[in-house]
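# Tertiary structure, described
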Amino acid sequence: MSPMRKIIHRACFVVSRTVYMTCCCGCCSALRPHYKRLVDNIFPANPQDELVKSNMEKLTYYSLTSPEKLDRIGEYLFQKASRDIYRRRHGFVIIAMEAMDQLLVACHSQTLNLFVESFLKMVQKLLESTDPQLQILATQSFVRFANIEEDTPSYHRRYDFFVSKFSAMCHSNHADTVTRDKIRLAGIQGLQGVIRKTVSDDLVENIWEAQHMDKIVPSLLYNMQTAEKYETVSCMEGGGGAEPPARLAEACLRELVGRASFGHIRSVLRPVLTHFDRHELWIPNDFAVHTFMIIMFSIQAQYSYSVVEALMQHLDAAGGHSADPRARTRVRAARATVLSNIVAIAAGDSVGPSVLEIINNLLTNLRSSVARDSEQKETDEKLYQEALINALKEFADHLPDFQKIDIMMFIVNKVPSIQRGNKGTKADAMLQSILLKSLLKVGTTYRTVELSKAFPAAFLEALLRAGGAGEAHARALLQRILHTLLDRRDNAPRLLRASVEYAELGLTVEKCSRQDLIFISKHGYALFSSLYEGLQLESNTMENVEAIYTTLALICIELGSEETVCDILQLILAIQQSGLTNPVLSVAQQCQLQAISISLAALIPHVMMLPRLGEYIHKIIAARREEAPHLLPPLREDYDDLHPSKMPSKLPYLMMDLMALCELLKAAGIEVGRLSASSPYAAGSAAAPHRHSWVEAGAAAGRDSLAELAAPTTELDSANSSPGLQRAGGAGEAVSLEALRRAAGGPSPAERRDAERRRATLNNAFRTAPFDQLLHITQPKYEIKDKLEEIFNSITEEPLLPASGSCSPAGQKSYQQNVPPYTKYFPELFLY
Amino acid sequence: MEDYKFLFKVVLVGNAGVGKTCLVRRFTQGLFPPGQGATIGVDFMIKTVEVDGEKVKLQIWDTAGQERFRSITQSYYRSAHALILVYDISCQPTFDCLPDWLREIEEYANNKVLRILVGNKTDREDREIPRHIGEDFAQRHGMYFLETSAKEAENVERLFMEIAVELMEQAKCKELPKYDGSLGPINGKTTSVGDSSCCLR
């Protein structure tokens, strides 16, 4: 027994000895851990050969059955590969990587965690090598890993090496372009992998941090911008196979932007903007437009306005490093153009305050541009302004109609009001004209259905107020805004020039709706009187007169009806009258007024069935054609060669006659009460439907106030017409603290000048005007006297207050004591 | 074979054409590439050196000098342990830009980053910046100074070795997070100098 044992023991010793020795020799050994043997067996003898498939299956099976060994397998594979890289046996490295890939895919996710560490170390090791082939291989493995969903997040895992290295690969400058593109493609794929792996999980590394985004975003953009034709990239899934880097970079950017939440948008946009600055990609700006389109289309819709916001805030940022102000302006203009290209996309999804914020921001930029512009002459600044206005238009174009009105209100309230008399600064005037231009652009996008919707009271008022002041050009712009809002049937282009031959124009006329009639009955007077006053300015050019003509013609067409015809005719007659009697108007302006009034009158029978009125008008036209063609359209810039006997005021028989018109209308069955009543235009307060005092009217018409004086039906009270008397708030401002303060401070120099001029004109008129006319003007004074008497009488009739003494008759005493009744009868006088 | 003890990130900055890429190539690959094109974005190289018998791995990020890539290169400063600021001794403008570079480093890099000023191209005959001017500048701004020639392989090895030695010193006394091979490079390697309390041994 014992020798037997001994033999066995010795044999065992020998076996173990041999085993030990073979192990030292590096051959396959029985005593090595099982997993190491399995790993060793998957490598072929020759590095050129492929992975030994059957042995790989064994290894996979082993790791599935004993997952606790997986991390050691990974570590061992990594060490083998490291050695092989060092010895430049790339064949084995590739096989090791392949094996790790297979294990990664095969194994269950909960066991993967430790293995992944070795796996990523392996990937990094390969990325560190200078061999492009290994780098690309490593990237592919990384992408494969990125597509695996892990159950357990790994809080401690860091990706910043990968982000850094992949970004560096995206900028590869390998001598061979094919290899270069492959490396760049791999870099982009790697970045995509990192994004996928980290973006959805808050617990792992925050990919949105600046240190990562500053690498990822420029890398993607750099690859996109080098593409020759980025316009055609729209078809995403093309040939499959090898995608050019640009296309993949774009897809990756889309994915990145698409996954960004609200808080992260900025971290993507900031590097984008910096990249465009640095690489001077704003000019030419097609790549910038392309990129921002991509961003706008891939961003979650509710955040799209923040892109607009970011770009807008960047408008003014110092562009790149060029200190040249001209270059800066050009860059700014290019940015604004990009903005106008993308702003429409945001409009659909913008709601509430963000809309106004965008508009406000655009207007602020416009204003600062105007401020710059007035300092130094720059044509590029104009381009910038154009681009901003276009952006405004594009944005408004995509908003629902009710918001357009809001926006127009918003803009019109930003228009600086230039007080008549004081000229305002040049910058103010420029800003005014630019804002009106913006308003016009927004207006053109609005489709008017109902006038009352298009012109809410506050908006109409603001518009008319803006129209009453400013330079001739700005006033013409304002009329154009009215045109676009009034014109529902595309008649405006045909009515740009005054004409009497309407039949040839092919106008579209439809019956006026009930709502529109209500609208015009409410606001007609304000509208008409503002237009009338607009015609009375001596600074008017032919453009202004024609623009107002177009507005009135459009009103005729849109609102012509039996209810309105009297008002319109009344206005036409008032225009005709002012053309005869307003002394501030030049001869040319007088002739122009005659021409437009007859041409408007000719339009009425065209719009409504009033054949006899038509005949009457045509008779006048025919007569004018014979004797005074200068009183007919087309308008001319100057009428210098006019013989004195051909002055409009010398040809009263060629004018339309109020009485005749009344008769004609009466015959057609139209109520003419309003027409035959005294004209509210240029007239005193008595005829005005609301408190539109002489002072206001005079102020609105400014130094042209004599027109009112000259009007035949004017009621004058001596206090108002006495030129020397200064009425508080003479400039006709609304009652406000500012106005009161100004009134308390006495008239400003400008106002004083104004008053002086008015006084001079008045004196002049009294010196030069024919006696008849003067008589006519002064006539109403007696009426006033009558009225006063009437009032005093009524005071005496009224029961007096007990305290004010018993039975004193009308006279000085009661006049002094009873102020209240006075205010009752002359509320206007006590307004200020 | 991950048997190195430390991993340091070294970033090279400086104007275009001062020879950053050549320095890196000379050090990592031992060659001087004539007609080296301009670097685009960032390039990456790795080299393991031995200091006091311990292996130190240097991750070298070679940045583009061109201004248009400035924004991406800046993003690499932050995690750097050492910044090598290179100028060309035969080109005055590259020296004149140094204050701008310092401002950028101030802004984007860690404030404890090791900064080395390098005057490259000592092989050139047409020197414009005398050695002492560079030395003065370095001293004023608390930087190390070295003049090198990538072409003649002069001082290149020394430059990186000194960086490795210095960073290791720092790591040992200031508790720079040790590179622990068993945890892998993806573990906590972003912690920068001095903000970790993990001890060396």
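In the nomenclature of an unreviewed UniProt entry, chain B corresponds to Ras-related protein Rab-30 from the organism Trichoplusia ni. According to its UniProt record, chain B has this under Catalytic activity (unreviewed entry): "GTP + H2O = GDP + phosphate + H(+)". Within the UniProt record for chain B, the comment given under Cofactor (unreviewed entry) is "Mg(2+)".

Looking at an unreviewed UniProt entry, one finds chain A named Protein EFR3 homolog cmp44E, with Chrysodeixis includens as its source organism. Per UniProt, the comment on chain A under Sequence similarities (unreviewed entry) is "Belongs to the EFR3 family."

The next point concerns the overall build of chain A. Helices and strands together make up the secondary structure of chain A, namely 38 helices and 0 strands. Buried positions account for 41% of the 832 residues belonging to chain A. For chain A, the share of sequence-separated contacts (at least 6 apart) that also reach a separation of at least 24 residues comes to 73%.

A word on the overall build of chain B. Within chain B, the secondary structure is distributed over 6 helices and 6 strands. Along chain B, helices (α) and strands (β) appear in the sequence β-α-β-β-α-β-α-α-β-α-β-α when read from the amino end. Within chain B, buried positions represent 44% of all 201 residues. The contacts in chain B between residues at least 6 apart in sequence include a share of 71% that link residues at least 24 apart.

Next up on the list: the sheet that holds strand β6 (residues 144-147) of chain B. Strands pair in a sheet through their backbones, by hydrogen bonds, and they do so in one of two ways: parallel or antiparallel. All names here are of chain B. Pairing in this open sheet of 6 strands is mixed, and the strands run β2-β3-β1-β4-β5-β6 from one edge to the other. The two strands at the open ends of the sheet, each matched to only one other strand, are β2 (42-51) and β6. Within the sheet, the average angular offset between the axes of one strand and its neighbour, ignoring direction, is 25°. For strand β5 (residues 114-120) and β6, the ladder comprises 4 bridges, and the chain directions are parallel. Across the sheet, Leu 117 pairs through a bridge with Phe 145, a residue of β6. The sheet contacts of helix α5 (residues 131-140) involve β5 and β6, and relative to β6 the element is tilted by about 160°.

Listed per partner, the contact involves 26 residues of chain B and 32 residues of chain A. Going through the elements one at a time, β2 and α2 (70-77) of chain B are the ones with two or more residues in the side of chain B that touches chain A. Examining the composition of the side of chain B that touches chain A, we find that 5 residues originate from one element, α2 of chain B, more than from any other. Here the side of chain B that touches chain A is composed, by residue class, of 9 nonpolar, 10 polar and 7 charged.

With that out of the way, let us pick up unusual backbone geometry. Residue and element names in this part refer to chain A. Following Ile 283, the chain continues into Pro 284 via a peptide bond in cis, with omega recorded as -5°. Its location among the elements puts Pro 284 in the loop between α12 (262-278) and α13 (286-298). A positive phi angle, close to 50°, is found at Glu 280, a residue other than glycine. Examined against the element boundaries, Glu 280 turns out to sit in the loop between α12 and α13.

In this section: the nonpolar core. In terms of nonpolar packing, the biggest core is built from 248 residues, with Val 308, Ile 342, Cys 556 and Ile 604 of chain A together with Ala 82, Leu 83 and Ile 116 of chain B touching the most fellow members. A total of 12 residues in this core trace back to one element, the largest contributor, which is helix α26 (residues 587-607) of chain A. Residue-level mapping places this core at the junction of two domains, with at least three residues from each of domain 2 (33-152) and domain 3 (487-687) of chain A. Setting aside chain neighbours within four positions, we find Ile 342 of chain A in contact with Phe 292, Met 293, Met 296, Val 307 and Val 308 of chain A.

Turning our attention to the packing of helix α8 (residues 160-170) of chain A against helix α9 (residues 177-199) of chain A. All names here are of chain A. Packing of α8 against α9 brings their axes to within 7 Å, and their N-to-C directions diverge by 150°. With respect to α9, the element α8 is oriented roughly antiparallel. Along this stretch, α8 crosses α9, giving a crossing that reads as left-handed. Counted together, Phe 162, Val 163, Phe 166, Ser 167, Met 169 and Cys 170 of α8 and Ile 183, Arg 184, Ala 186, Gly 187, Ile 188, Gly 190, Leu 191 and Val 194 of α9 form the full contact between these two elements. For the contact of α8 with α9, a count of residues per class yields 10 nonpolar, 3 polar and 1 charged.

Now for the packing of α9 of chain A against helix α10 (residues 210-225) of chain A. Residue and element names in this part refer to chain A. Relative orientation of the contacting elements α9 and α10 amounts to 140°, with a least axis distance of 11 Å. Here α9 lies oblique to α10, going by the angle between them. Of the two possible hands of crossing, α9 and α10 adopt the one that is left-handed. Contact residues: Arg 184, Gly 187, Ile 188 and Leu 191 in α9; Ile 216, Ser 219, Leu 220 and Asn 223 in α10. Its residues placed into classes, the contact of α9 with α10 shows 4 nonpolar, 3 polar and 1 charged.

Another point: helix α18 (residues 401-414) of chain A. Taking 1.5 Å of rise per residue, 14 residues should cover 20 Å, and α18 of chain A covers 20 Å from first to last C-alpha, within 8% of that figure. Taken together, the buried positions of α18 of chain A are Gln 403, Ile 405, Ile 407, Met 408, Ile 411 and Val 412 of chain A.

Here is the key point about a regular strand: its side chains alternate between the two faces of the sheet. All names here are of chain B. Pairing geometry for β2 and strand β3 (residues 54-63), over 10 bridges, is antiparallel. Across the sheet, residue Glu 50 finds its bridge partner in β3, namely Lys 55. Where β2 folds back on β3, the antiparallel hairpin that results is connected by 2 residues, among which Asp 52 adopts a positive phi of roughly 50°.

Turning our attention to the environment of Met 97 of chain A. Residues and elements named next belong to chain A. Considering the arrangement of structural elements, one finds Met 97 in helix α5 (residues 90-106). Residue classification places Met 97 among the buried positions, given that 23 C-beta atoms sit within 10 Å. Considering only alpha carbons, one finds Met 97 and Leu 134, 37 residues apart in sequence, at a separation of 9.7 Å. In this view, Met 97 contacts Ala 81, Met 122, Leu 126, Leu 137 and Ser 141; residues no more than four positions away in its chain are not counted.

On to the confidence of the model for chain B, then. Residues and elements named next belong to chain B. Of the residues in chain B, 85% reach a pLDDT of 70 or more, and the chain-wide mean stands at 84. Across chain B, element-level confidence peaks in strand β4 (residues 82-88) with a mean pLDDT of 95 and bottoms out in helix α6 (residues 156-174) with 89. Every residue in residues 178-201 scores below 50 in pLDDT, and together they form 55 contacts with partners more than four places removed in sequence or on other chains. Across the whole predicted complex the pTM is 0.70, and at the interface the ipTM reaches 0.85.

The rules we used
Residues numbered from 1 in each chain as written. Chains lettered and ligands numbered in written order. Predicted model: local features only at pLDDT ≥ 70, side-chain atom pairs only at ≥ 80, totals over all residues. UniProt positions renumbered as here; feature names shortened; annotations may be inferred. Helix = DSSP H or I, 4+ residues; strand = E, 2+ residues; numbered from the N terminus. Buried ≥ 20, exposed ≤ 12 C-beta atoms within 10 Å, placed from the backbone. Contact = placed C-beta atoms within 7 Å. Pairing = 2+ DSSP bridges. Axes fitted to C-alpha atoms, helices over the stretch in contact; angles between N-to-C directions. Nonpolar A, V, L, I, M, F, W, Y, C, P; charged D, E, K, R; others polar. Core = buried A, V, L, I, M, F, W, Y, C linked by C-beta atoms within 7 Å. Domains from an automatic or database assignment. Parallel < 35°, antiparallel > 145°, perpendicular 65-115°, else oblique. Left-handed = near helix turned anticlockwise from the far one by under 90°. Expected span 1.5 Å × (residues − 1). pLDDT = per-residue confidence, 0-100.

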